[in-house]
Amino acid sequence: MKFLTALATAALATTASAFAPARSQVQVHSPNILANVNTHGSHAVSTSQSTRSPTSLCDMLTQTELPEKLYFEKTDREPAKVLGGIKIGNRKLTVVTGASSGLGLNCAATLAKSGRHFVVMAVRDVEKGKRVAKEFGMPDGSYVVMKLELGSLQSVRDFVFNLKAFKSNRGLDNLICNAAVYKPTDPEPAWTDDGFEQSMGINHFGHFLLVNLLIDDLAKVKGSRCCIVGSITGNSNTVGGGLVYPRADLGDLSGFAEGAKKPISMADGKPFFGAKAYKDSKVCNMMTVSELHRRYHESTGIAFSSMYPGCIAETQLFREKRPWFRKAFPWFMKYVTGGYVGMEEAGERLAQVVDDPQCNKSDVYWSWNGGAQQIGRWSADGKPRGAGGSGGEIFENTQSDAVRDRETAVKMWELSCKAVGLTEKDKPKAAESA
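This section reports on the structure supplied with the text. (Residues numbered from 1 in each chain as written. Predicted model: local features only at pLDDT ≥ 70, side-chain atom pairs only at ≥ 80, totals over all residues. Heavy atoms only, no water.)

### What to know about the overall build of the protein
This is how the line gets drawn: The helix and strand labels rest on DSSP assignments: H or I over at least four residues marks a helix, E over at least two residues marks a strand, and numbering proceeds from the N terminus. Here the term buried applies to any residue with accessible area under 20% of the maximum for its type, exposed to any over 50%, and partly exposed to those in between, with areas from a 1.4 Å probe on protein chains only. Residue contacts are defined here by distance: any two heavy atoms, one from each residue, within 4.5 Å place the two residues in contact. Exposure was quantified through the Shrake-Rupley algorithm and a 1.4 Å probe, taking into account, for residues, occlusion by the shown protein chains and nothing else.
Scanning the protein from terminus to terminus reveals 13 helices and 8 strands. When the 434 residues of the protein are sorted by exposure, 64% land in the buried category. Considering only contacts in the protein between residues 6 or more positions apart, those separated by 24 or more positions represent 80%. A total of about 16000 Å² of accessible surface is found on the protein, and carbon and sulfur atoms cover 53% of it.

Now the structure itself:
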């Protein structure tokens, strides 16, 4: 058993480095079932493939190249859609970012097919979003596709304006922040339209502004929920986050304090490190959930949460790799570490967080089947259990001390407000707890 544990740990470290994509690529979080989405309208751009494809690096991400300029206001801004209330009817209104591929798509499809949700697919590429929605069999009248480029703060504001115009005075039942980019092998940072390093700019800053601009809309609905997809790589009390180099570390947030804009590429102000930039952004995501809960749950009743869907090992992330690796990695995650989960199941897990009555608690980090805090234990069916992989029941997982660091979280929040230009007019009207 000790040998298997050592082997698994070494393999995870190898996966994070030696087997990373050979060229610069962007990825999108894809927890469970339909999760991974084309970061269209969210953040990262996801793969052009529209079939259900799992993610990688135990973090459910999709890949694709992002252009230098992500959003042109004059040409990319969508005309506002109106009279959405008629289409929505009595269903819950749910926004999913990065819903055109991977985890986000699977999640969106699961919710739309349930008949209980009207889904707003927030994506970079609207035409792709429309196409994959049909390919996935999402019922007509169960969704609408809207433009959202998380790498542009102007696009985030335009999306919020259009969403409010579409839904009119009704509230927002659920907000799922799923989209993300992952660029572990880039030697140099790429930048968002606002000058942020893309991993932090898309994964954290874009979503941070989005959530703040929609809190009052969520507050209108009793029992509303907001889920920001987390990651074991940003949680140092897990195998993937604590044993796989580099570890997430925001340091003293000196990079944020200096504005977090070009040429500053890392939260701690140190030289760019692509894999760490992603992990740092996930720490910020999970800290944001805790701060949202502390500041707004009591006055609004909104349930703020994060989640980890499991390791989606069969993904387009590895399409550049040798055939032997594409075959071996899923096998390894299934039968050695026990962390494997299919894309469809991952999407269902993400959907569960906003649909299941038992998930109405706030300030929770949801996980399944052990939550990846250990290597899987051997079971009679030959598949290790307890490492966050397929099967098992949902439970409230424990975040690392670094994620729960109150002092750093408060500093991160205040500096993020400044970085995204959140004005007094922008800030939620809901009472903020002391």
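### A word on a nonpolar patch on the surface
Selection criterion: Residues form patches when they are more than 30% accessible in relative terms and have no salt bridge. Like charges link within 9 Å. Nonpolar side chains (Val, Leu, Ile, Met, Phe, Trp, Tyr) link within 5 Å. The term salt bridge refers to a pairing of a side-chain nitrogen on Lys or Arg with a carboxyl oxygen on Asp or Glu at a separation within 4 Å.
Side chains of Val82, Leu83 and Ile86 sit close together on the surface and give an oily, nonpolar patch of about 350 Å² of accessible area. Looking at where isoleucine 86 falls in the secondary structure, it is placed in helix α3 (residues 84–88). Exposure remark for isoleucine 86: the relative accessible area of 68% places this residue in the exposed category.

### Focus: the packing of helix α6 (residues 153–167) against helix α7 (residues 198–219)
The condition is simple: Every angle, taken between N-to-C directions, lies between 0 and 180 degrees, and every axis is a line fitted to C-alpha atoms, over only the stretch in contact when it is a helix. For classification, angles of less than 35 degrees are called roughly parallel, those exceeding 145 degrees roughly antiparallel, those between 65 and 115 degrees roughly perpendicular, and all remaining angles oblique. Whether a crossing is left-handed or right-handed is set by the direction in which the near helix is turned from the far one by less than a right angle, anticlockwise for left-handed and clockwise for right-handed.
The geometry of α6 relative to α7 is characterised by a closest axis approach of 9 Å and an angle of 25 degrees between their N-to-C directions. As judged from the angle between their axes, α6 and α7 are roughly parallel. Relative to α7, α6 is oriented so that their crossing is right-handed. Contacts between α6 and α7 involve Leu153, Val156, Arg157, Phe159, Val160, Leu163, Lys164 and Lys167 from the first element and Phe205, Gly206, Leu209, Leu210, Leu213, Leu214 and Asp217 from the second.

### Looking at helix α4 (residues 102–114)
For an α-helix the count is 3.6 residues per turn, leaving residues at separations of three or four pointing the same way. For the record, the criterion: In this analysis, the expected span of each helix is defined as 1.5 Å times one less than the number of residues it contains.
With 13 residues, α4 should reach 18 Å at 1.5 Å per residue; the first-to-last C-alpha distance of 19 Å fits that figure. Of all the 13 residues making up α4, 10 are buried; the element is thus mostly covered by neighbouring parts of the structure. For α4, the secondary structure elements touched by its buried residues are β1 (92–97), β2 (117–123), α5 (126–135), β4 (174–177), β5 (225–229) and α12 (343–355). In the stretch just after α4, glycine 115 is the one whose phi turns positive, near 85 degrees.

### Overview of helix α13 (residues 406–419)
The following threshold applies: Between N or O atoms, a polar contact is any pair within 3.5 Å; within protein, one atom must be a potential hydrogen donor and the other a potential acceptor, and residues adjacent in sequence are included only when both atoms are from side chains.
Between the first and last C-alpha of α13 there are 20 Å, a value that for 14 residues agrees with the 20 Å anticipated at 1.5 Å per step. Those residues of α13 not exposed but buried are Thr408, Ala409, Val410, Met412, Trp413, Leu415, Ser416, Cys417 and Ala419. In the core, the buried residues of α13 are packed alongside α6, α7, α9 (254–257) and α10 (274–300). A distance of 3.2 Å separates the backbone nitrogen of glutamate 407 from a side-chain oxygen at the start of α13, and that oxygen is part of aspartate 405. One or two steps after α13, the chain reaches glycine 421, where phi turns positive at roughly 70 degrees.

### A short note on the sheet that holds strand β8 (residues 394–397)
In plain terms, the rule: Strand pairing is assigned whenever DSSP detects at least two bridges linking the two strands.
Taken in spatial order, the 8 strands of this open sheet run β3-β2-β1-β4-β5-β6-β7-β8, and their pairing is mixed. Looking at strand neighbours, the two that pair on one side only are β3 (143–147) and β8, the edges of this open sheet. Sheet twist, expressed as the mean angle between neighbouring strand axes with direction ignored, is 25 degrees. In this sheet, strand β7 (residues 364–368) lies alongside strand β6 (residues 303–307) in parallel orientation, the contact comprising 3 bridges. Residue pairing in the sheet places serine 305 in a bridge with valine 364 of β7. Across the sheet, α10 lies against β5, β6 and β7, angled at about 165 degrees from β6, the strand it touches most. Where α12 meets the sheet, it contacts β2, β4, β5, β6, β7 and β8, and its direction lies at approximately 155 degrees from that of β5.

### So, the side chain of asparagine 174
Along the chain, asparagine 174 turns up in strand β4. Overall, the relative accessible area of 2% leaves asparagine 174 in the buried class. Aside from chain neighbours lying at most four places away, what touches asparagine 174 is Lys92, Leu93, Thr94, Val95, His117, Leu218, Arg225 and Val354.

### Concerning the pattern of salt bridges
Counted according to the given criterion, the structure contains 23 salt bridges. Among the ionic pairs, aspartate 217 bridges to lysine 164, the shortest N-O distance being 2.4 Å. Placement of aspartate 217 in helix α7 and of lysine 164 in helix α6 is noted, with a sequence separation of 53 residues between them. Owing to a relative accessible area of 33%, lysine 164 belongs among the partly exposed residues under this scheme. In this structure, glutamate 396 and lysine 361 form a salt bridge, with 2.8 Å as the shortest nitrogen-oxygen distance. Placement of the pair is glutamate 396 in strand β8 and lysine 361 in the loop between α12 and β7, with a sequence separation of 35 residues. Its relative accessible area of 39% is what places lysine 361 among the partly exposed residues. The structure contains a network of salt bridges with shared partners spanning Glu291, Arg294, Arg295 and Glu432.

### A short note on the packing of aromatic side chains
Describing an aromatic ring pair means giving the distance of the ring centres and the angle of the ring planes. Selection criterion: Here a Phe, Tyr or Trp ring, Trp counted by its six-membered ring, pairs with any other such ring whose centre lies within 6.5 Å, and the pair is stacked when the planes are under 30 degrees apart, edge-to-face when over 60, and tilted otherwise. Both a distance and an angle decide whether a charge sits over a ring: NZ of Lys or CZ of Arg must be within 6 Å of the ring centre and within 35 degrees of the ring normal.
A full pass over the atoms with the stated rule returns 5 aromatic pairs. Ring geometry for phenylalanine 118 and phenylalanine 166: centres 5.9 Å apart, planes at 25 degrees, overall stacked. Linking phenylalanine 118 in strand β2 with phenylalanine 166 in helix α6, this pair joins segments that are 48 residues apart in sequence. Considered together, phenylalanine 118 and phenylalanine 166 belong to a single accessibility category, that of buried residues. Members of the aromatic cluster, connected to one another through ring pairs, are Phe196, Phe205 and Phe256. Lying across the ring of phenylalanine 72, lysine 69 places its NZ or CZ 5.8 Å from the centre. Arginine 77 extends its terminal NZ or CZ atom over the ring of phenylalanine 161, reaching a point 5.6 Å from the ring centre.

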